[in-house]
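Report on the structure
Listed below, chain by chain, are the residues.
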Amino acid sequence: MELALVILVLVVGQLLLQMMKWFYMTKRASAKYKFDRKIGQSLWGLKKNIVAKRGIGIGEHSKSPHGDVVSLKDSSKNLLVVEALAKNEDIITPDYIEVDWEKKEDVILPEYETSMSSGVDLRSSEDLVIAVDSICLAPTSIALEIPSGFEAQVRSRSGLALKNGVVVLNSPGTIDADYRGEIKVILKNLGNKDFKILKGDRIAQLVFAPVVQIKWDVVEKLDNSERGSGGFGSTGIK
Ligand SMILES: O=c1ccn([C@H]2C[C@H](O)[C@@H](COP(=O)(O)OP(=O)(O)OP(=O)(O)O)O2)c(=O)[nH]1
């Protein structure tokens, strides 16, 4: 009888504790909890920036001694992230997405230069010269399989732009998730000297980002807004 009473007290105590936890969860924590349930895997207590902290690179998570890194390669999971973004929910940003890279002899896998870099640097796979005022298509010998729900953006490197006037002409260039061809960089020399590129030089950067596709909703009239049709400097400079 006494034992039953002790067990009952313990069970009720545990129940109360859980309820208190629920009650005091922050908005972010409860979003995190909801997300855990959606993907059917617990992210609770996992540190952010797992990749940077463990010093493992993209696509190398199998090397993680913890084995608890969440893979968002499964497109249904990626869609959940995108869905949550579209609904403006407070979601946990995945620490990384897995991107398949077709291995090629002699090609260096683009890496993040620092632990919090936004982009990986793309290297030219050929020696090239871009004459003043001309455009060139630089090959990288890199082909990727980006998970659905994401894209990659080819952007200029600020150093090349500032010191040499060499920019990515279509920045940000769009690499679609279903593109399997070689990533190429459209460079323009806006400087006043011909620009020499050697094979292996870092010529641009690739930033991965979530994308949301739309569905058109045809209406008679758009809702009014504070801005209305004002744009192109309508709010002035000062
Ligand atoms: O700077 C870039 C831009 C694009 N691409 C590749 C990947 C991308 O998925 C594909 C198509 O790009 P985009 O849609 O910008 O080109 P488009 O001119 O609209 O061509 P397409 O008719 O093939 O879509 O070309 C690059 O390699 N580098």
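Residues numbered from 1 in each chain as written. Predicted model: local features only at pLDDT ≥ 70, side-chain atom pairs only at ≥ 80, totals over all residues. Heavy atoms only, no water.

Stated formally: UniProt positions are given in the numbering used here, feature names are shortened, and annotations may be inferred rather than shown by experiment.
Looking up the protein chain in an unreviewed UniProt entry gives the name Deoxyuridine 5'-triphosphate nucleotidohydrolase, with the organism given as Triplophysa rosa. Of the comments in the UniProt record for the protein chain, the one headed Catalytic activity (unreviewed entry) reads "dUTP + H2O = dUMP + diphosphate + H(+)". Per its UniProt entry, the protein chain bears the Sequence similarities (unreviewed entry) comment "Belongs to the dUTPase family."

1. Re the pairing of strand β9 (residues 184–189)
Stated formally: Note: two strands are recorded as paired if DSSP finds a minimum of 2 bridges between them. Put simply, DSSP marks the helices as runs of H or I at least four residues long and the strands as runs of E at least two long, and each gets a number from the N terminus on.
Looking at chain direction, strand β4 (residues 135–139) and β9 are connected through five bridges and run antiparallel. In the sheet register, Pro139 faces β9, and the bridge partner there is Lys184.

2. As for the nonpolar core
Applicable threshold: We call a set of buried Ala, Val, Leu, Ile, Met, Phe, Trp, Tyr and Cys residues a nonpolar core when their side-chain atoms join them within 4.5 Å. Exposure is judged per residue with a 1.4 Å probe applied to protein chains only, and the accessible area is read against the type maximum: over 50% gives exposed, under 20% gives buried, and values in between give partly exposed. Whether two residues are in contact is decided by their heavy atoms: any pair within 4.5 Å suffices.
Within the largest apolar cluster, 28 residues are counted, with the highest numbers of intra-cluster contacts made by Ile146, Val154, Val185, Leu187 and Leu206. Of all the secondary-structure elements, those providing two or more residues to this core are β2 (119–123), β3 (128–130), β4, β6 (150–155), β7 (166–168), β9, β10 (195–197) and β11 (202–210). Sequence-distant contacts of Ile146, that is, excluding residues within four places in its chain, are made with Val99, Glu151, Ala152, Ile175, Asp176, Ala177 and Phe208.

3. Let's talk about the sheet that holds β6
To keep it simple, the criterion reads: To obtain an axis, a line is fitted to C-alpha atoms, over the contacting stretch when the element is a helix, and the angle between two such axes runs from 0 to 180 degrees between their N-to-C directions.
An order of β2-β11-β6-β8 is seen for the four strands of this open sheet, with the pairing classed as antiparallel. In this open sheet, the two edge strands, each paired with only one partner strand, are β2 and β8 (173–175). Going from strand to strand, the sheet's axes swing by 35° on average, the running direction of each strand aside. Across six bridges, the pairing between β6 and β11 is antiparallel. Within the sheet, the bridge partner assigned to Arg155 lies in β11 and is Gln205.

4. Focus on the confidence of the model for the protein chain
For clarity, the cut-off: The quantity called pLDDT is the predictor's confidence in a given residue, expressed from 0 to 100.
Of all residues in the protein chain, 70% have pLDDT values of 70 or greater, and the mean over the chain is 80. Considering only residues more than four positions removed or in separate chains, one finds that residues 40–75, a stretch of pLDDT under 50, has 58 contacts.

5. Here we look at the pattern of salt bridges
The cut-off we apply is this: Any carboxyl oxygen of Asp or Glu that lies within 4 Å of a side-chain nitrogen of Lys or Arg is treated as forming a salt bridge with it.
Taken as a whole, this structure holds six salt bridges when the rule is applied. A salt bridge links Glu102 to Lys104; its shortest N-O distance comes to 3.8 Å. By relative accessible area, which is 48% here, Glu102 ends up partly exposed. What makes Lys104 partly exposed here is its relative accessible area of 33%. Here Asp121 and Arg157 are joined by a salt bridge, their closest N and O atoms 3.8 Å apart. Of this pair, Asp121 sits in strand β2 while Arg157 sits in the loop between β6 and α5 (158–164), and the two are 36 residues apart along the sequence.

6. So, the site of the ligand
What counts here: To be near a molecule or strand, a residue needs just one of its heavy atoms within 4 Å of it. Whenever a nitrogen or oxygen atom comes within 3.5 Å of another N or O atom, the pair is scored as a polar contact, on the condition that within protein one atom can donate a hydrogen and the other can accept it, and that pairs from neighbouring residues in sequence are kept only if both atoms are in side chains. We get accessible surface area from the Shrake-Rupley algorithm with a probe of 1.4 Å; when it comes to residues, only the shown protein chains can shield them. For this scheme, ten residues count as nonpolar: Ala, Val, Leu, Ile, Met, Phe, Trp, Tyr, Cys and Pro. Four count as charged, namely Asp, Glu, Lys and Arg, and the remainder, Gly too, count as polar.
In the vicinity of the ligand, the contacting residues are Asn170, Gly173, Thr174, Ile175, Asp176, Tyr179, Glu182, Ile183 and Lys184. Within the backbone of Lys184, one N or O atom sits 2.7 Å away from a nitrogen atom of the ligand. Notes on the ligand: free accessible area 570 Å², of which the protein chains cover 49%. In the shell around the ligand, the residues fall into three nonpolar, three polar and three charged.

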